[in-house]
Number of protein chains: 2
Amino acid sequence: MNVRDVGEFGLIRRLIQKVQERRGGPDNASPSGIRLLVDAGDDTAAWRVGDVIELFTTDTVVEGVHFTEETVSWLDLGWKIMAANVSDIAAMGGVPLYALVTLGLPPETGLSSLDDLYEGILALGNDYGVRILGGDVVRSPVTFVTISLTGLNDGALLMRSAARPGDRLAVTGYLGSSAGGLELLKHACKTSEEVAECLRQAHRRPRPCVNQGRILSREDVKAAIDVSDGLLDDLGKLCEASGVAARVERDAVPIHPALKEVFPQKYLEFALGGGEDYQLLFAAAPSVIERVVPMLTPSATVIGDVVEGPPGKVTLLGPGGEEVPGPQGGWDHFG
Amino acid sequence: MNVRDVGEFGLIRRLIQKVQERRGGPDNASPSGIRLLVDAGDDTAAWRVGDVIELFTTDTVVEGVHFTEETVSWLDLGWKIMAANVSDIAAMGGVPLYALVTLGLPPETGLSSLDDLYEGILALGNDYGVRILGGDVVRSPVTFVTISLTGLNDGALLMRSAARPGDRLAVTGYLGSSAGGLELLKHACKTSEEVAECLRQAHRRPRPCVNQGRILSREDVKAAIDVSDGLLDDLGKLCEASGVAARVERDAVPIHPALKEVFPQKYLEFALGGGEDYQLLFAAAPSVIERVVPMLTPSATVIGDVVEGPPGKVTLLGPGGEEVPGPQGGWDHFG
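All values derive from a computational prediction rather than experimental measurement. (Residues numbered from 1 in each chain as written. Chains lettered and ligands numbered in written order. Predicted model: local features only at pLDDT ≥ 70, side-chain atom pairs only at ≥ 80, totals over all residues.)

Draft legend 1. Just the environment of isoleucine 303 of chain A, in detail. Along the chain, the position of isoleucine 303 of chain A falls in strand S11 (residues 300-307). Here isoleucine 303 of chain A falls in the buried class, since 22 other C-beta atoms lie within 10 Å of it. (Helix = DSSP H or I, 4+ residues; strand = E, 2+ residues; numbered from the N terminus. Buried ≥ 20, exposed ≤ 12 C-beta atoms within 10 Å, placed from the backbone.)

Draft legend 2. The relation of the copies chain B and chain A, seen in detail. Turning chain B through 180° and shifting it by 0.0 Å along the axis lays it on chain A, with an RMSD of 0.0 Å. Within this description, the copies of the chain are treated as partners about a two-fold rotation axis. Across chain B, the smallest distance between a C-alpha and the rotation axis is recorded for glycine 50 of chain B, namely 3.0 Å. The overlap is high: 100% of the interface residues of chain B also sit at the interface in chain A, so the same surface is used on both sides. (Least-squares fit on C-alpha atoms with pLDDT ≥ 70 in both. Contact = placed C-beta atoms within 7 Å.)

Draft legend 3. Quick peek at the pairing of strand S6 (residues 144-153) of chain A. Residues and elements named next belong to chain A. Counting buried positions over the ten residues of S6 gives ten, a clear majority of the element. Here ten bridges tie strand S3 (residues 52-62) to S6, and the two strands are oriented antiparallel to one another. Bridge pairing links aspartate 59 to isoleucine 147 in S6. Across eight bridges, strand S4 (residues 95-105) lies against S6 in antiparallel orientation. Following the sheet pairing, alanine 99 is matched in S6 by leucine 149. (Pairing = 2+ DSSP bridges.)

Draft legend 4. Focus on the domain arrangement of chain A. Residues and elements named next belong to chain A. With domains assigned, chain A is organised as domain 1 (3-153) and domain 2 (160-324). With centres defined by C-alpha atoms, the gap from domain 1 to domain 2 works out at 23 Å. Contacts between the two partners involve 18 residues from domain 1, matched on the other side by 21 residues from domain 2. Considering each element in turn, the side of domain 1 that touches domain 2 owes the most residues, ten residues, to helix H2 (residues 74-90). Residue composition of the side of domain 1 that touches domain 2, grouped by class: nine nonpolar, four polar and five charged. (Domains from an automatic or database assignment. Nonpolar A, V, L, I, M, F, W, Y, C, P; charged D, E, K, R; others polar.)

Draft legend 5. Structural view of the pairing of strand S5 (residues 131-139) of chain A. Residue and element names in this part refer to chain A. The buried fraction of S5 amounts to nine of the nine residues, a majority that puts the element mostly inside the structure. Judged from the seven bridges that link them, S4 and S5 form a sheet pairing that is parallel. Opposite valine 101, over in S5, you have glycine 135 as the bridge partner. A crossover connection joins S4 to the parallel S5 through helix H3 (residues 111-127); in handedness this β-α-β unit is right-handed. (Right-handed = clockwise from strand over helix to strand, strands pointing away.)

Draft legend 6. Local environment of the sheet that holds strand S8 (residues 223-227) of chain B. Read from one edge of the open sheet, seven strands run S8-S10-S7-S11-S9-S12-S13 (chain B), paired in mixed fashion. Taken across any chain shown, the strands that pair with only one partner, and hence form the sheet edges, are S8 and strand S13 (323-324) of chain B.

Draft legend 7. Focus on the interface of chain B and chain A. Contacts between chain B and chain A engage 73 residues on the former and 73 residues on the latter. Elements supplying a minimum of two residues to the side of chain B that touches chain A: helix H1 (3-22), strand S2 (45-49), strand S3 (52-62), strand S4 (95-105), helix H3 (111-127), strand S5 (131-139) and strand S6 (144-153) of chain B. Among the elements that line the side of chain B that touches chain A, the one with the most residues is H1 of chain B, at ten residues. Of the residues that constitute the side of chain B that touches chain A, the class distribution is 36 nonpolar, 23 polar and 14 charged.

Shown next as structure tokens:
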């Protein structure tokens, strides 16, 4: 058996199980009064130290797997890897704080490329109050960038495991724009430059929903995840962690007019299965959803319900409430 | 100009400078009362939150660069990458706490290999009280492992920048054994199995000096670094950060009898330039050194002095106090 056989999420489950079975030894946190709040399996880990809740996450991109020099500039790459990390903090209702940056680099990497990479990392990081405190540089035959990021939460964590039957589901912003932008970067397409640029920017310069996450956390929403691997995929993870199922009204999924215009045949596939939108998907009681959705700018949209059912099962509903098939969803790194 | 032209440490200096010039944006730490104590450039970053000082570090290994399957088993690899991270915490006088593990893996990686890798990570981690809280797995054409680790310090940080002229220099344990062990793993050599195994174990299963670091911190030592890249190299970094120079008495450098026996021609080269020993090199006033060295088990040895001089300059002294040439020192990832 190898990694491809079990896939990314089978592998993650296996590793989490192994760690939880086998870990032991002294608990260095106890004498300091640090209390672990969120273990492996959510968007970030979390612990309480004094009056503060700290968050801890990491995310990596590898050349040829997550990006190619053809579709992503060094500047965009820096922006995107920092954005992916900040989005995990946003999905817990937190703000980002301290980062370590690890670069795996071929020796022939140009210094001007690295300058651009750091411009991107710093541009996104500065916008969101991230402070870089160091990292590691290593030689590697393939370029990779890993960021480890801490964050802070002021008391109400958004958890993948907190969705309950009867909750309504909603999502910030638009979905599928990043996948549409990537498609445009790979294959030129007849469309106005303005429309194309709107989608390309969604792919190249995603903006994590930190402010929205803080509003959700303050307004009593308990369950959220960021949409990094595709709506149906990430909703499946939220439901699995919560032990619930979900129904999504296909025609309620928010799709930007530009995406519909450029990809009249494929926009739904992009919106349901495309990754890297970094919007927040959240669940709460109907009264909470009704109050919080209008507070979220630029927008948020109710897209379905949490129901009892096989944990992780997501059903897509057509306009008459009938079950309809979804696209082949999600991004499996080893698939 | 590319990365090879400036080398690993030129690149690190360049990146630290860029970050310090360009970073800005809100300081998310301020409202929470978190205070940054150690920025980029030491063994770890550090900040104070309430009564607690937290440490933050990361370290990466890449196949074909830091290890090959011929000389390092998956189990050893897991042990060693966790040891490298824990050693950074030890060098600040701290204890390790929470870890995130990132794996870059070719899809054909066997699950049993990963089981072994995690056995090694957990074996070292459990011994030192590390709790793994998740991480990331990504596809990669080349195997790499990145660990990000937090730690705790109870009030007295060991800093690279705190050595002062007049301090004496000392080091824990023996130096060069890991480099000797690696040489034995690459080239068989006529020697008793017991002696060979002693050196191979030093390479395959290094033990970070967490207890020793805590003693140093408690006993008023202010300056330390872990020996990961070679004695002369790491001493140079300590001196550069402190704005001082150093003199090392070559014949005082502690060398295990097994290393002298197996490599009668090369033991000095290994002891002065070989990496991955993960001992602690420290500097303090003579009275402090006199008190603390006997407290350290299994051993610690005085090897020289801190002096005024060009920052980072390390001079090697022969038996009559005359200057002698050192080996070509240090490990440059891009050299």
